[in-house]
Every structure is written in structure tokens, then in C-alpha cells.
Amino acid sequence: MPIFARGAWSVWAGGLVIYLVGVFQRFTLSVAGVDALDRLGTTAAGLGALAVVQVAVYAATQIPGGMLVDRFGYRRLLIASGLLMAA
């Protein structure tokens, strides 16, 4: 396998891992819904509103995120966002 192909696959795999971490972090509240109701002292409607706000914030960050990718490059942004989510 040529060297550039290995590099392309490693970049793709890195992006995939970071994407999966992001997906898991967005859906953790749905797994812990019953416990979240007790801990947050809210209703199911409150948790539903939280999920809607979470998706709205995600959608609102698409344009600034794209601008950051254009300015700094996708590799730097993937690394920075992965470190931020890990923290």
C-alpha cells in the first residue's frame, strides 16, 4: 500500500473516532433519562426541551465551525475538538 494511502486512511480513521465520540456524548442523556429526571428535578418535557436545545445549538455551530475549518484546517480542528470533548 502506498504511503499516501496509509496516511489518508489514518486521517479518515481519526476523524471517524472523533465523530463517534461526539455522537456518544450527544446521546448519553437518553441512556440516563430516568436518573436525569431525579437528579435534575425536572419532568420528561424538560428533558425533551433539553434535547431540542442541544440539537439547535449543534445546528447553530455549523457555520462558525465551517469558518474555523477554513481558517485553521480540519486536522487542527479535529484535534482541538477531540481534546475539548475528552476534557
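Residues numbered from 1 in each chain as written. Predicted model: local features only at pLDDT ≥ 70, side-chain atom pairs only at ≥ 80, totals over all residues. Heavy atoms only, no water.

Peer 1: I would appreciate a short explanation of the packing of helix H4 (residues 62-72) against helix H5 (residues 74-86) in the present structure.
Peer 2: In a packed pair of helices, the relevant descriptors are the angle between the two axes and the axis-to-axis distance. Contact geometry of H4 with H5 gives a least axis separation of 7 Å together with a crossing angle of 125 degrees. The orientation of H4 with respect to H5, classified from their angle, is oblique. On H5, the residues that touch Gly65, Leu68, Val69 and Phe72 of H4 are Tyr74, Arg76 and Leu77. (Axes fitted to C-alpha atoms, helices over the stretch in contact; angles between N-to-C directions. Helix = DSSP H or I, 4+ residues; strand = E, 2+ residues; numbered from the N terminus. Parallel < 35°, antiparallel > 145°, perpendicular 65-115°, else oblique. Contact = heavy atoms within 4.5 Å.)

Peer 1: Where do I start with the confidence of the model for the protein chain in this structure?
Peer 2: Low-confidence regions, as indicated by low pLDDT, have predicted coordinates that should not be scrutinised in detail. Within the protein chain, residue pLDDT values average 84, and 94% of them lie at 70 or more. The secondary structure element of the protein chain with the lowest average pLDDT is helix H2 (residues 33-40), at 80, and the one with the highest is H4, at 91. (pLDDT = per-residue confidence, 0-100.)

Peer 1: Explain the layout of surface pockets here, please?
Peer 2: In this approach, a probe sized like a water molecule rolls over the atoms, and the result shows the empty space that is left. Empty space within the largest pocket amounts to approximately 760 Å³. As for the largest pocket, its lining consists of 21 residues, and the residues nearest its centre are Tyr58, Thr61, Gln62, Ser81 and Met85. Within the residue set of the lining of the largest pocket, elements represented by two or more residues are helix H1 (3-31), helix H3 (44-60), H4 and H5. Among the residues forming the lining of the largest pocket, the class breakdown is 12 nonpolar, eight polar and one charged. What the second largest pocket holds in volume is close to 210 Å³. What lines the second largest pocket is a set of 10 residues, among which Arg26, Phe27, Ala51, Gln54 and Val55 lie closest to the centre. (1 Å grid on protein atoms, 1.4 Å probe; cavity = no way out; pocket = protein on both sides within 12 Å on 5 of 7 lines; lining within 4 Å. Points joined across faces, edges and corners; volume = space filled by probe spheres on them. Nonpolar A, V, L, I, M, F, W, Y, C, P; charged D, E, K, R; others polar.)

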